[in-house]
Amino acid sequence: MNVLISGASIAGTTLAYWLRRHGFTPTVVERAPDIREGGYKIDIRGAALEVVSRMGLLDEIRRERTDVQGGSIVNAAGRRVASMDGDTFGGRVDEDAEILRGDLAQLLYGLTRDEVDYLFDDSIATLSEGPDGVDVVFDSGRRGRFDLVVGADGLHSATRGLAFGPEQRFVRDLGYHVAIFSVPNHLNLDRWELTYVGAGRTALTYSTAKDTGAKAMFLFSSGPIAYDHRDRAQQQRILADAYAAEGWEVPRLLEGMAAAPDFYFDSLSQVHMDHWSTGRVALVGDSAYCASPASGQGTSLALVGAYVLAGELAAAGGDHRAGFAAYEREMRPFVEANQQLGPANVKRMVMRSKGQIRFVMTMLSLMRYLPGKDRMAAKAVEHIHRAATAIALKSY
Ligand SMILES: Cc1cc2nc3c(=O)[nH]c(=O)nc-3n(C[C@H](O)[C@H](O)[C@H](O)COP(=O)(O)OP(=O)(O)OC[C@H]3O[C@@H](n4cnc5c(N)ncnc54)[C@H](O)[C@@H]3O)c2cc1C
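Residues numbered from 1 in each chain as written. Predicted model: local features only at pLDDT ≥ 70, side-chain atom pairs only at ≥ 80, totals over all residues. Heavy atoms only, no water.

Novice: Mind showing me how you'd approach the overall build of the protein chain here?
Specialist: Counting its regular elements, the protein chain contains 14 helices and 18 strands. For 396 residues, the compact-globule estimate of 2.2 N^0.38 gives 21 Å, and the protein chain sits close to it at 21 Å. Dimensions of the protein chain, computed from C-alpha atoms along their principal axes, come out at roughly 65 × 45 × 35 Å. Counting across all 396 residues of the protein chain, residues that qualify as buried make up 54%. (Helix = DSSP H or I, 4+ residues; strand = E, 2+ residues; numbered from the N terminus. Rg over C-alpha atoms; globule rule 2.2 N^0.38 Å. Buried < 20%, exposed > 50% of the residue type's maximum accessible area, 1.4 Å probe, protein only.)

Below, the structure is given as structure tokens:
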């Protein structure tokens, strides 16, 4: 069976890998001219660790790990109010791994590039489904017929728009925006993360074992903002305006955005859909069930979703109706458990008012004197671990 996958990031490359292993013939179309670099450090937890391990990637992921040792919350004067070790700060337990998003995408691409057709710089323009397949016309004018089409093209999925309807029906704005980009390491951080919390405005910066520079991330409460998704200068103005009144190192970090090669800006949103397939078209990863960067589980969901979708299609002997239905049955409880993490986490990451910041800062500065602090830290990580392991992976 020929399967066209739209999007060559985490979900698309992983799906291509597993479909190939099960004897399907995948083709991946990616709008960007190459695998997209950039993005934050991401965690691979629980069931997703098992997926990358079954792909033989675990050792490489460990070699490429960020090795961030810990993080501190700083106040406006730059004083470190509280510090935590890296795993507690990142919500990791046991073997959970942290890697830069771009490095993971490259590893997944490297694993598949010799066996899978990648069509870069192109995109699906139209889909028309007949009884025996889907006729696809690409933006480039290229045409093709595929047995199945899978959208792995992220939060603003074009495949979802073509097959299921407009984005507004499925995308839920959580009321925040996020920006991430590379900056010079002017604070000379050595595998350490600093988090500054202003009212409705959080800013972080960290360096990893692999970076000579650093990364900056901005997370701010905003409500919906109208802007052009391809107009980077406009997005940078929105970000600069949102942080115009903030102190600490914020102005210096923002200075870096104009020259950043990997500026990423988006709303913090989730995707909620009743079905992830219609006819011969299905969705996987963020396009189907984005949990938002605040969940910390978007990449793990994409890895597990791709594994399960390919496995269930194989188990159904290529009967796409049965395969898609089984994929939904297996994945839905896991998706729901992980989507719940997003809204709760973002409320902890972005403070509403100066009063709340003062209260939290006081509590954090006292935390080191509390007798049960290790138990409290373990508890904070426990619910993430529970969601990350809320699926028993079949062997297919
Ligand atoms: C450059 C970048 C940086 C990111 N940074 C972060 C981050 O810092 N923190 C975080 O939590 N999440 C980040 N994300 C999102 C994160 O990768 C996903 O939440 C998660 O890994 C699920 O991946 P996905 O493959 O489903 O979707 P995505 O990673 O969003 O990938 C979608 C892919 O589809 C491609 N695409 C989009 N539209 C089309 C189209 N019409 N035709 C063909 N291809 C298309 C995109 O170029 C992209 O390669 C980032 C995504 C990208 C693309």
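From this point on, the discussion continues.
Novice: It is not clear to me how the pattern of salt bridges should be interpreted in this structure. Could you clarify?
Specialist: A pair can form between side chains of opposite charge whenever their charged atoms are brought close. On inspection of all chains with the given rule, the structure shows 15 salt bridges. The closest approach of N and O atoms between Arg142 and Asp122, which form a salt bridge, is 3.0 Å. Residue Arg142 is found in the loop between strand E9 (133-138) and strand E10 (143-146), and its partner Asp122 is found in the loop between strand E7 (117-120) and strand E8 (124-130); the two are separated by 20 residues along the sequence. The class of Asp122 is buried, set by a relative accessible area of 3%. Arg191 is the partner of Asp190 in a salt bridge, and the nearest nitrogen-oxygen pair spans 3.0 Å. Through salt bridges that share partners, Arg65, Asp67, Asp190 and Arg191 make up one connected network. (Salt bridge = Lys/Arg side-chain N within 4 Å of Asp/Glu carboxyl O.)

Novice: I tried to follow the environment of Val250 on my own but got confused; where do I start?
Specialist: Among the secondary structure elements, Val250 is positioned in helix H8 (residues 250-255). Under the relative-accessibility criterion, Val250 is labelled buried at 0%. Once the C-alpha coordinates of Val250 and Tyr396 are considered, the two residues, 146 residues apart in sequence, prove to be 49 Å apart. Setting aside residues up to four positions removed in sequence, Val250 forms contacts with Tyr196, Ala203, Phe218 and Tyr243. (Contact = heavy atoms within 4.5 Å.)

Novice: Just checking my understanding: could you explain the sheet that holds E9 for this structure?
Specialist: Two strands in a sheet stick together by hydrogen bonds in their backbones, pointing the same way (parallel) or opposite ways (antiparallel). Pairing within the open sheet is antiparallel, and its three strands lie in the order E8-E9-E10. The two strands at the open ends of the sheet, each matched to only one other strand, are E8 and E10. Strand-to-strand twist across the sheet, computed as the mean angle between neighbouring axes with direction ignored, equals 20°. Bridge count for E8 against E9 is six bridges, and the pairing is antiparallel. Within E9, the residue paired with Glu129 across the bridge is Val134. (Pairing = 2+ DSSP bridges. Axes fitted to C-alpha atoms, helices over the stretch in contact; angles between N-to-C directions.)

Novice: Would you mind going over empty space enclosed by the protein with me for this structure?
Specialist: Using a probe with the size of a water molecule, rolled over the atoms, empty space left in the structure can be pinpointed. For the structure shown, the criterion picks out one cavity of 30 Å³ or more. Volume-wise, the largest cavity comes out at about 40 Å³. Lining the largest cavity, in full, are Ala16, Tyr17, Arg20, Arg21, Leu111, Thr112, Glu115 and Val116. Taken together, the elements giving at least two residues each to the lining of the largest cavity come down to helix H1 (10-21) and helix H5 (101-112). The greatest single-element share of the lining of the largest cavity, amounting to four residues, is contributed by H1. When the residues that make up the lining of the largest cavity are grouped by side-chain class, the tally is four nonpolar, one polar and three charged. (1 Å grid on protein atoms, 1.4 Å probe; cavity = no way out; pocket = protein on both sides within 12 Å on 5 of 7 lines; lining within 4 Å. Points joined across faces, edges and corners; volume = space filled by probe spheres on them. Nonpolar A, V, L, I, M, F, W, Y, C, P; charged D, E, K, R; others polar.)

Novice: What am I meant to see in the sheet that holds strand E16 (residues 264-271) here?
Specialist: Spatially, seven strands are ordered E5-E4-E13-E14-E15-E12-E16 in an open sheet, and the strand pairing comes out mixed. Each edge of the open sheet is held by one strand with a lone partner, namely strand E5 (80-85) and E16. Each neighbouring strand pair of the sheet contributes to a mean axis angle of 20°, computed without reference to strand direction. Of the strand pairs in this sheet, strand E4 (residues 70-74) and strand E13 (residues 192-198) are connected by five bridges, and their pairing is parallel. Within E13, the residue paired with Ser72 across the bridge is Leu194.

Novice: Any chance you could explain the packing of aromatic side chains here in plain terms?
Specialist: A ring pair, where both rings are aromatic, is described by two values, the distance of the centres and the angle of the planes. Scanning the model with the defined rule gives 17 aromatic pairs in all. Both rings, one in Tyr196 and one in Trp248, keep their centres 5.8 Å apart while their planes meet at 10°; by these two values the pair is stacked. Taken together, the residues span a long stretch of sequence, with Tyr196 in strand E13 and Trp248 in the loop between helix H7 (232-242) and H8 at a distance of 52 residues. Neither residue differs from the other here; Tyr196 and Trp248 are each classed as buried. Aromatic rings pair up to connect Phe181, Phe218, Phe220, Tyr227, Tyr243, Phe263 and Phe265 into one cluster. (Phe/Tyr/Trp six-rings, centres within 6.5 Å; stacked < 30°, edge-to-face > 60°.)

Novice: Mind showing me how you'd approach the site of the ligand here?
Specialist: If you check the shell around the ligand, you find 27 residues, and the closest are Ser9, Glu30, Tyr40, Ile180 and Asp286. At a separation of 2.6 Å, an oxygen atom of the ligand approaches a polar side-chain atom of Glu30. Separating an oxygen atom of the ligand from a side-chain N or O atom of Arg36 is a distance of 3.1 Å. Protein burial of the ligand: of its 900 Å² of free accessible surface, 92% is covered by the chains. (Near = heavy atom within 4 Å. Polar contact = N/O pair within 3.5 Å; in protein donor to acceptor, adjacent residues only side chain to side chain. Areas by Shrake-Rupley, 256 points an atom, 1.4 Å probe, with all protein chains shown as cover.)

Novice: I'm lost on the pairing of strand E14 (residues 201-206) in this one. Help?
Specialist: Residues in a regular strand point their side chains to alternate faces of the sheet. Among the six residues that make up E14, six are buried, leaving the element largely enclosed by the rest of the structure. Residues Arg201, Ala203 and Thr205 line one face of E14 and the alternating positions Thr202, Leu204 and Tyr206 line the opposite face, and both faces are buried. Summarising the sheet, E13 and E14 pair through six bridges and their orientation is antiparallel. Within E14, the residue paired with Tyr196 across the bridge is Ala203. Where E13 hands over to E14, the hairpin turn is made up of two residues, of which Gly200 adopts a positive phi near 70°. Alignment of E14 against strand E15 (residues 214-221), held across six bridges, turns out to be antiparallel. By the bridge assignment for E15, Thr205 is matched with Ala216.

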